[in-house]
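# Understanding the architecture of this molecule
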Amino acid sequence: LCSYSQRAPKRQKPTLSVQRPPIGTHYFLKFMEAREEIRIRREVLEEAPNKWYQQESFPLMSSIRLTNVHREDDKTTRIFRQVCAPAIQEYLERPEKQAELQGLFVFNYALWRAFGTGAFVEELGFCRFQGWGEQEKDEVVQAALRVWQREDHCFTDAYRPPAMARPMETHYFRCPNSDAIKQH
């Protein structure tokens, strides 16, 4: 029996009695370096998750979700750039279109961040909507449904508000005949 209201309890965050050193510039830079090392182990070296966190100075790093130190290295940000590339090229080559494209860049980034996953962004693509009516909303919904049909996520769990929809989305994958999607 699948019931959205009976989902697993939230994972308890571990509590460690680690005394944190005074935070100063040196500590902050050391933290940034450790975070970048994790990204490299994960994305470049493609190491197993148990090898990502090797910094003894930051024990909580393995139990919390962190963004990349260099935002341009974030996987989803790279996808955003790739999907925007033709519009960026147009922006550079056609000064008369720059004002229109500026608005479209803001709209697309806001819409994409409302969902947050690269899978959704790649499916929807760069939108050149002239308005935000039922037809445009339906196009976005259809893109989300295509992502779900592949059993991929539209909603990120990295930040809010999309993270609030992620449990419902995960529940749907586990219980596809559920009414969870219709109820939310």
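For the structure, see preceding data.
The present account deals with the structure reproduced in this document.

What counts, and at which threshold
- Residues numbered from 1 in each chain as written.
- Predicted model: local features only at pLDDT ≥ 70, side-chain atom pairs only at ≥ 80, totals over all residues.
- Heavy atoms only, no water.
- Helix = DSSP H or I, 4+ residues; strand = E, 2+ residues; numbered from the N terminus.
- Buried < 20%, exposed > 50% of the residue type's maximum accessible area, 1.4 Å probe, protein only.
- Contact = heavy atoms within 4.5 Å.
- Core = buried A, V, L, I, M, F, W, Y, C linked by side-chain atoms within 4.5 Å.
- Patch = residues over 30% accessible without salt bridge, like charges linked within 9 Å, V, L, I, M, F, W, Y side chains within 5 Å.
- Areas by Shrake-Rupley, 256 points an atom, 1.4 Å probe, with all protein chains shown as cover.
- Salt bridge = Lys/Arg side-chain N within 4 Å of Asp/Glu carboxyl O.
- Lys, Arg positive; Asp, Glu negative; His and termini not counted.

## Regarding the overall build of the chain
Within the chain one finds seven helices and zero strands. Ordering the α and β elements of the chain from the N terminus gives α-α-α-α-α-α-α. For the chain, the proportion of its 184 residues judged to be buried stands at 34%. Residue pairs in contact within the chain that sit at least 24 positions apart in sequence constitute 54% of those at least 6 positions apart.

## A word on the nonpolar core
Counting 28 residues, the largest nonpolar core has Trp112, Phe115, Phe120, Leu124, Phe126 and Cys154 as its most contacted members. Mapped onto this core, the elements with two or more residues apiece are α2 (75-93), α3 (98-115), α4 (118-124), α5 (134-149) and α6 (162-174). The element that contributes the greatest number of residues to this core is α3, accounting for six residues.

## Re the environment of Ala144
Following the sequence through the fold, Ala144 ends up in helix α5. Here the alpha-carbon distance between Ala144 and Phe155, two residues eleven residues apart in the chain, equals 9.3 Å. When residues no more than four places from it in sequence are discounted, the contact partners of Ala144 are Phe115, Phe120 and Cys154.

## Focus: unusual backbone geometry
Unusually for a residue other than glycine, Glu151 sits at a positive phi of about 55 degrees. For Glu151, a relative accessible area of 59% corresponds to the exposed category.

## With respect to a nonpolar patch on the surface
Together, Ile40, Val44 and Leu45 give the surface a local cluster of nonpolar side chains, amounting to about 260 Å² of exposed area. Mapped onto the secondary structure, Ile40 falls in helix α1 (residues 25-44). Ile40 sits in the partly exposed class, given a relative accessible area of 33%.

## As for the side chain of Glu136
You can see Glu136 is positioned in helix α5. Buried and without a salt bridge, Glu136 has Lys137 as its closest oppositely charged side chain, separated by 7.9 Å. Setting aside anything within four residues of it in sequence, one finds Glu136 in contact with Phe129 and Gly131.

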